[in-house]
Amino acid sequence: MATRTIAGKTVEVNDEGFLTRPEEWTKEIAIELAKEEGIPELTEAHWKVIEFCRQDAGATGKAPTLRRITTAAGVSTKDMFALFPKGPAKKVARISGLGKPEGCV
Amino acid sequence: MKKVLILGAGTAGTMAANKLVRLLDRDEWQITIVDKDETHYYQPGFLFVPFGMYTRSDVIKPRRDFLPRDVELVMASIEMIEPEHNRVRLGNGRTLSYDFLIIATGADIHPEQTPGLGEHEWGRSIHTFYSFEGALALFRHLRTWPGGRLVFNVVENPIKCPVAPLEFLMLADWFFHEKGMRDRVELIYATPLPGAFTKPIASKLLGGMLEEKGIKVVPEFMVEHVDPDARKLVAYDEQEVEYDLLVSVPLNMGAEVIGKSGLGDELNYVPVDKHTFLSNKHPNIFVLGDAAGVPASKAGSVAHFAVDTFGENFARYTEGLEMQPLFDGHANCFIESGFGKGLLIDFNYETEPLPGRYPLPGIGPFTLLEESEANHWGKLMFRWMYWNLLLKGRELPLTAHMSMAGKWLPTAAK
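Residues numbered from 1 in each chain as written. Chains lettered and ligands numbered in written order. Predicted model: local features only at pLDDT ≥ 70, side-chain atom pairs only at ≥ 80, totals over all residues. Heavy atoms only, no water.

Draft legend 1. Main features of the overall build of chain B. Scanning chain B from terminus to terminus reveals 8 helices and 26 strands. For 414 residues, the compact-globule estimate of 2.2 N^0.38 gives 22 Å, and the C-alpha radius of gyration of chain B, at 21 Å, lies within 12% of that figure. Projected onto the principal axes, the alpha-carbon positions of chain B cover approximately 65 × 50 × 40 Å. Considering chain B as a whole, with its 414 residues, one finds that 59% of them fall into the buried category. When contacts within chain B are restricted to residue pairs at least 6 apart in sequence, those whose partners lie at least 24 apart make up 66%. Measuring between centres, the 41 positive side-chain charges of chain B sit 5 Å from its 54 negative side-chain charges. (Helix = DSSP H or I, 4+ residues; strand = E, 2+ residues; numbered from the N terminus. Rg over C-alpha atoms; globule rule 2.2 N^0.38 Å. Buried < 20%, exposed > 50% of the residue type's maximum accessible area, 1.4 Å probe, protein only. Contact = heavy atoms within 4.5 Å. Lys, Arg positive; Asp, Glu negative; His and termini not counted. Charge placed at Lys NZ, Arg CZ, Asp CG, Glu CD.)

Draft legend 2. Local environment of unusual backbone geometry. Residues and elements named next belong to chain B. For the bond from tyrosine 358 to proline 359, the omega torsion is -10 degrees, close enough to zero to count as cis. As for its placement among the helices and strands, proline 359 is situated in strand β25 (residues 356-360). Residue proline 365 is reached from glycine 364 by a cis peptide bond, and omega for that bond is 15 degrees. Mapped onto the elements, proline 365 comes out in strand β26 (residues 364-368). The backbone phi angle of glutamate 238 is positive, close to 70 degrees, even though this residue is not glycine. Along the polypeptide, glutamate 238 turns up in the loop between β16 (232-235) and β17 (240-242). Since its relative accessible area comes to 57%, glutamate 238 is described here as exposed.

Draft legend 3. Structural context of the state of the cysteines. All names here are of chain B. For the coordinates displayed, the defined rule picks out 0 disulfides over all chains. The thiol of cysteine 333 is not disulfide-bonded; the next cysteine sulfur, from cysteine 161, is found 6.0 Å away. Residue cysteine 333 is classed as buried on the basis of its relative accessible area, which comes to 9%. (Disulfide = S-S within 2.5 Å.)

Draft legend 4. Structural context of the pairing of strand β2 (residues 9-13) of chain A. In the sheet, strand β1 (residues 2-6) of chain A pairs with β2 of chain A via 5 bridges, with the strands oriented antiparallel. Looking at the pairing, threonine 5 of chain A lines up with threonine 10 of chain A of β2 of chain A. (Pairing = 2+ DSSP bridges.)

Draft legend 5. Expanded view of the sheet that holds β16 of chain B. Residue and element names in this part refer to chain B. Sheet architecture is open: 3 strands sit in the order β15-β16-β17, paired in antiparallel fashion. Two strands lie at the open edges of the sheet, namely β15 (223-227) and β17, each paired on one side alone. For this sheet, the mean angle separating the axes of adjacent strands, direction not counted, is 20 degrees. Two elements, β16 and β17, share 3 bridges in a ladder whose sense is antiparallel. The partner of lysine 232 across the bridge, within β17, is glutamate 242. (Axes fitted to C-alpha atoms, helices over the stretch in contact; angles between N-to-C directions.)

Draft legend 6. Looking closely at helix α4 (residues 164-178) of chain B. Relative to the 21 Å expected for 15 residues at 1.5 Å per residue, α4 of chain B spans 21 Å between its end C-alpha atoms, a close match to the ideal helical length. One or two residues past the end of α4 of chain B sits glycine 180 of chain B, with phi positive at roughly 70 degrees. (Expected span 1.5 Å × (residues − 1).)

Draft legend 7. Summary view of the packing of helix α1 (residues 11-23) of chain B against helix α7 (residues 300-318) of chain B. All names here are of chain B. Where α1 meets α7, the closest approach of the two axes is 9 Å, and the angle between their N-to-C directions is 30 degrees. Our classification of the angle between α1 and α7 gives roughly parallel. Remark: the crossing between α1 and α7 carries right-handed chirality. Judged by residue contacts, Thr11, Ala12, Met15, Ala16, Lys19, Leu20 and Leu23 of α1 engage Gly300, Ala303, His304, Val307, Asp308, Phe310, Gly311, Glu312 and Phe314 from α7. Residues that form the contact of α1 with α7 fall into these classes: 9 nonpolar, 4 polar and 3 charged. (Parallel < 35°, antiparallel > 145°, perpendicular 65-115°, else oblique. Left-handed = near helix turned anticlockwise from the far one by under 90°. Nonpolar A, V, L, I, M, F, W, Y, C, P; charged D, E, K, R; others polar.)

Draft legend 8. Quick look at the packing of aromatic side chains. Scanning the model with the defined rule gives 30 aromatic pairs over all chains in all. Taking 5.4 Å as the distance between ring centres and 15 degrees as the angle between the ring planes, the aromatic pair formed by phenylalanine 81 of chain A and tyrosine 236 of chain B counts as stacked. Of this pair, phenylalanine 81 of chain A sits in helix α4 (residues 77-83) while tyrosine 236 of chain B sits in the loop between β16 and β17, placing the two residues on different chains. When the centroid spacing of 5.3 Å and the interplanar angle of 55 degrees are considered together, the rings of phenylalanine 51 of chain B and phenylalanine 175 of chain B count as tilted. Residue phenylalanine 51 of chain B is found in the loop between β3 (39-41) and α2 (56-59), and its partner phenylalanine 175 of chain B is found in helix α4; the two are separated by 124 residues along the sequence. (Phe/Tyr/Trp six-rings, centres within 6.5 Å; stacked < 30°, edge-to-face > 60°.)

Draft legend 9. Highlighting the domain arrangement of chain B. Residues and elements named next belong to chain B. Each domain of chain B was delimited in the assignment, giving domain 1 (2-106 + 255-318), domain 2 (115-251) and domain 3 (331-413). One C-alpha centre belongs to domain 2, the other to domain 3; they are set 25 Å apart. Every contact between the two is made by 16 residues of domain 2 and, on the other side, 19 residues of domain 3. Interface area for domain 2 against domain 3, summed over the two sides, is near 1500 Å², with a carbon-plus-sulfur share of 75%. Of all residues in domain 2, Glu167, Trp174 and Ile201 bury the most surface against domain 3, accounting for 34% of the area lost on that side. Linking domain 2 with domain 3 are 1 salt bridge. At the boundary of domain 2 with domain 3, the tally comes to 4 residue pairs in polar contact (both at pLDDT 80 or more). Counting residues per element, the ones that place at least two in the side of domain 2 that touches domain 3 are α4 and α5 (200-212). Partitioning the side of domain 2 that touches domain 3 into residue classes produces 11 nonpolar, 1 polar and 4 charged. (Domains from an automatic or database assignment. Buried area = accessible area lost by both parts, 1.4 Å probe. Salt bridge = Lys/Arg side-chain N within 4 Å of Asp/Glu carboxyl O. Polar contact = N/O pair within 3.5 Å; in protein donor to acceptor, adjacent residues only side chain to side chain.)

Draft legend 10. Local environment of the side chain of asparagine 348 of chain B. Residues and elements named next belong to chain B. As for its position among the elements, asparagine 348 is in the loop between β24 (341-347) and β25. Residue class for asparagine 348 comes out buried when judged on its relative accessible area of 8%. At a separation of 3.4 Å, a polar atom in the side chain of asparagine 348 contacts the side chain of aspartate 328. Within the local environment of asparagine 348, its side chain forms a polar contact with the backbone nitrogen of threonine 351, the two atoms lying 2.8 Å apart. Filtering out sequence-adjacent residues up to four positions away, asparagine 348 remains in contact with Lys199, Asp328, Gly329, His330 and Met402.

Draft legend 11. Structural view of the pattern of salt bridges. Applying the stated criterion to the full structure yields 27 salt bridges over all chains. Notably, a salt bridge pairs arginine 64 of chain B with glutamate 38 of chain B, separated by 3.4 Å at the nearest N-O pair. Of this pair, arginine 64 of chain B sits in the loop between β4 (60-62) and β5 (72-75) while glutamate 38 of chain B sits in the loop between β2 (29-35) and β3, placing them 26 residues apart in sequence. Each member of the salt-bridge network shares a partner with another, and the members are Arg4, Glu36, Glu37 and Arg94 of chain A.

Next comes the structure, spelled out in structure tokens:
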């Protein structure tokens, strides 16, 4: 497995750039990954979604799908697209240091 | 007597009933199966109906013909599952109790979940082939359709048979060619996925095939609403795609009774262990087929391999033995690519579809991830296998576990 240094910390990543160990994630890493995803600044609304995803993944063992986030975190799909444009579930999963959501098989 | 109750006599429920009849001692076990109507649909056949390749008798047969005599079939809707009391309330007022419950209530389409989709243009300029009636209406529409912009849209994943959209488009390319009007038809695939398919190697190959056939892919398109009068799809990010004819796969959801009974996730699929299908919450409930919330394709082949492994585990479980993590997510799907050819993909939770030969390594006769006429014949032959072997739980010459024999790994993965 490849490693890379993000925000001064060396972490394990897979070939799509997702962290493979959620426990290595930090808020500083999230800020850097968000920039890579084209989000210059993480607002309170972003953090609310990120925190939900971290908690949910902690409980279920997998990154939540978009529908899971909109149903359980009370954020509308429209807002999700505004916060994390183009593929919000995948984007927020990567920023949150989680694997790719399993919605698509 | 111990009681096994199966909810749903579709592909998974019927196969489970046939499997259990053979595994369980009939002096000790009573097996009951519930469904709301008499008709068994061969759902993979719906794909061929719009193009006049299959008709009613190819895809519809009575459910009873495929159920063993020793299984009681109850015709009723399912009102409520009460896992705390180990019983199920039916629409006809009856209540059935169980020792073990097998949920096989499947998944269905929900056009009403997307504004503008299932309204006044439904069945006119908006169609689906994800129901028999829908496929038939589309067949009638295509007979006289003068051509124009045909847009195929998947509302949201997961859907039943994730390869069906690609097959529909490739068959449509062939169909319009044969009718001598391909030059008057634009074929567009608007999908929420980042490419043609979910898994990288297959996505690249299938994407290339679509391009060669002049089928345009609009990726990462999440439809928010349909404007049925202006004939356009509007996405959450405000992208728009105009159409003359929209063929839609509406949102797929599990049965409503699953949600009502508090057993489902946000799409009414039941969370289960992905290797044994045992419910996460209830130690006497198993979920088979499309109703199960597992990260495997919602497809008959998955249900078949799942039921195969489930039977073995169920026998162990009821004897107080520990279950084995037998199911590996194995799926195999023929993909019709038009002009009498097809592809075949074989994959599981861990391994994406790879090129090779199947089922005999190096020989075939089927070619994995590569077009051939053998695959097309395989797909057509499969209908006979489904009705005559698969549903009745007869042995197929295929193993439930995916095998790496006969598959070629890409150089980078070696």
